[in-house]
Amino acid sequence: MSIHDEPAFKANKLAAGHGIDLSKLPKIVDMSPESITSNVHAINSNCPDERTKFIFKNLVNHLHDFIRETSITTEEWMATIKYLTETGKMCSDIRQEFILLSDILGVSTLIDTLNNAKPPGATEATVLGPFFTEDAHDIANGESIASEGKGDYMFVEGRVLDTKGNPIAGAVIDTWETDGFGVYDTQYTVRDKPDCRGRLHSADDGSYSFRAVVPVPYAIPSDGTVGSLVSKLGRHVFRPAHLHIMIKAPGFEKLVTALYLKGDPYITSDAVFGVRTSLIVDPKLVTDVSASKSRGFAEAKPHLLLKQDFVLGTLEECAEVRKSTMPAFAQ
Ligand SMILES: [Fe+2]
């Protein structure tokens with residue numbers, strides 16, 4: 001072995017240790033603004049997973065174009081890396097600042113909308129949010145998901161149907177919401193039991209009903225890097241009042257959605273882009289206090305009545321819709 005062969009020998013051995021055969025890698029040299037993108041594609045071209053290769057080819061294309069089109073400076077790029085580093089430092093077991101960043105950039109909603117596109121006539125989906133828990137109490141139809149004193153009364157009723165209008169019996173309905181202070185039970189330092197959340201089943205005719213409280217707007221966490229970015233962008237951190245719903249039934253695609261109360265001041269500027277026009281509801285004020293009693297509310301006082309049917313798409317119907325919303329994945 002000559003002295004010139006030794007570095008190559010060492011390099012080949014090192015690369016082989018990572019499962020790479022140096023002789024089979026594309027040769028990339030002469031980097032320039034014009035050639036860098038194709039060079040990155042070339043060096044990635046041996047990726048054994050086609051989906052990974054496809055995703056990174058597009059990521060590199062768009063990222064490089066973004067940098068060219070915006071003339072990102074070195075200082076701006078370093079500030080971006082610093083920002084992302086700080087965002088990572090804010091994450092813990094109970095806080096995920098990156099999901100929040102994804103939310104306020106519309107990425108969560110975009111992914112959710114494409115992945116959960118529904119067939120015509122089915123109830124639209126929207127983002128799950130961070131406050132769902134598995135430990136909600138099971139309740140019978142007509143019972144309450146909220147303990148007394150948690151907010152103004154709201155009665156919710158309707159049916160769970162398929163896209164042909166047939167009732168779906170035995171659907172599992174999870175629902176959760178803020179209390180009248182705009183706070184989820186999980187946000188209180190002391191949480192001895194789940195509150196303002198419950199799980200019930202649709203009846204044989206698809207009907208469901210439960211007592212709840214009127215949800216109110218709330219702010220997403222604003223004391224971190226996402227809060228400062230939202231301020232910099234001239235936006236606010238509020239979400240309009242809403243009631244979360246998740247429905248599961250055999251043969252149907254799980255529906256994760258929420259109902260937004262008409263007239264909410266933040267309904268046209270939701271910080272995380274969750275609102276859909278079809279999900280805006282207009283509960284009626286029931287002033288007949290005898291109706292409050294007959295619906296099981298503890299106090300004879302006016303309440304809101306929210307009537308809402310939910311229409312589920314079958315697994316096949318939803319899969320068919322995604323062929324058009326996610327064509328690259330469907331290939
Ligand atoms: Fe929420």
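All figures in this text were calculated on a predicted structure; none of them were measured in a lab. (Residues numbered from 1 in each chain as written. Predicted model: local features only at pLDDT ≥ 70, side-chain atom pairs only at ≥ 80, totals over all residues. Heavy atoms only, no water.)

A. Focus on a nonpolar patch on the surface. On the surface, Phe54, Ile55, Phe56, Leu59, Leu63, Phe66, Ile67, Trp77, Met78 and Ile81 cluster together to form a nonpolar patch covering roughly 870 Å² of accessible area. Contributing elements (two or more residues each) for the nonpolar patch: helix H3 (50–70) and helix H4 (74–90). Tallying contributions element by element places H3 first for the nonpolar patch, with seven residues. Structurally, Ile55 can be placed in helix H3. Judged by relative accessible area, Ile55 falls into the partly exposed class, the value being 38%. (Patch = residues over 30% accessible without salt bridge, like charges linked within 9 Å, V, L, I, M, F, W, Y side chains within 5 Å. Areas by Shrake-Rupley, 256 points an atom, 1.4 Å probe, with all protein chains shown as cover. Salt bridge = Lys/Arg side-chain N within 4 Å of Asp/Glu carboxyl O. Helix = DSSP H or I, 4+ residues; strand = E, 2+ residues; numbered from the N terminus. Buried < 20%, exposed > 50% of the residue type's maximum accessible area, 1.4 Å probe, protein only.)

B. Main features of the packing of aromatic side chains. Tallied over the entire structure, the rule returns nine aromatic pairs. Ring geometry for Phe131 and Tyr184: centres 4.1 Å apart, planes at 15°, overall stacked. Placement of Phe131 in the loop between helix H6 (107–115) and strand S1 (137–138) and of Tyr184 in the loop between strand S3 (172–177) and strand S4 (197–201) is noted, with a sequence separation of 53 residues between them. The burial state of Phe131 is the same as that of Tyr184; both residues are buried. Seen in terms of ring centroids, Phe238 and Tyr266 are 4.8 Å apart; in terms of plane orientation they differ by 15°. Their pairing is stacked. One end of the pair, Phe238, is in strand S7 (residues 238–239); the other, Tyr266, is in the loop between strand S9 (255–261) and strand S10 (280–281), with 28 residues separating them in the sequence. Of the aromatic side chains, those joined through ring pairs into one cluster are Phe131, Tyr184 and Tyr218. Positioned above the aromatic ring of Tyr153, the side-chain terminus of Lys301 is 4.5 Å from the ring centre. (Phe/Tyr/Trp six-rings, centres within 6.5 Å; stacked < 30°, edge-to-face > 60°. Lys NZ or Arg CZ within 6 Å of the ring centre and 35° of its normal.)

C. Region of the structure containing the UniProt feature "domain: Catechol dioxygenase N-terminal" (unreviewed entry) in the protein. Under the feature "domain: Catechol dioxygenase N-terminal" (unreviewed entry), the UniProt entry names residues 49–123. From the first C-alpha to the last, residues 49–123 spans 36 Å; its make-up is 73% helix and 0% strand. (UniProt positions renumbered as here; feature names shortened; annotations may be inferred.)

D. Main features of the coordination of the iron ion. Listed as protein donors to the iron ion are Tyr184 (OH), Tyr218 (OH), His242 (NE2) and His244 (NE2); their distances from the metal cover 2.0 to 2.2 Å. Given a relative accessible area of 7%, Tyr218 falls into the buried group. (Donors = N, O, S within 2.8 Å, 3.2 Å for Na, K, Ca; no water.)

E. Geometry of the pattern of salt bridges. Under the defined criterion, the tally for this structure stands at 19 salt bridges. Between Lys24 and Asp21 there is a salt bridge, and its shortest N-O distance comes to 4.0 Å. Taking relative accessible area as the criterion, Asp21 reaches 37% and is therefore assigned partly exposed. The salt bridge involving Asp270 is made with Arg239; its shortest N-O contact spans 2.7 Å. Pair noted here: Asp270 is in the loop between S9 and S10 and Arg239 is in strand S7, with a separation of 31 residues, a long-range link.

F. Structural detail: the sheet that holds S9. Read across the sheet, six strands follow the order S1-S4-S3-S8-S9-S10 without closing on themselves; strand pairing throughout is mixed. The open sheet has two edge strands with one neighbour each: S1 and S10. Relative to S9, strand S8 (residues 242–248) runs antiparallel, the two being bridged by six bridges. When the sheet's bridge partners are listed, Met246 is paired in S9 with Val256. (Pairing = 2+ DSSP bridges.)

G. Inspection of the domain arrangement of the protein at higher detail. The assigned domain composition of the protein is domain 1 (5–70) and domain 2 (107–330). Inter-centroid distance (C-alpha atoms) of domain 1 to domain 2 is 46 Å. (Domains from an automatic or database assignment.)

H. Broad picture of the packing of helix H2 (residues 36–44) against H3. Two numbers describe how H2 lies on H3: the axes approach to 10 Å, and their chain directions differ by 165°. When the axis of H2 is compared with that of H3, the two are roughly antiparallel. Read as a crossing pair, H2 and H3 show a hand that is right-handed. Between H2 and H3, the residues in contact are Ile36, Thr37, Val40, His41 and Asn44 and Lys53, Lys57, Val60, Asn61, His64 and Arg68, respectively. (Axes fitted to C-alpha atoms, helices over the stretch in contact; angles between N-to-C directions. Parallel < 35°, antiparallel > 145°, perpendicular 65-115°, else oblique. Left-handed = near helix turned anticlockwise from the far one by under 90°. Contact = heavy atoms within 4.5 Å.)

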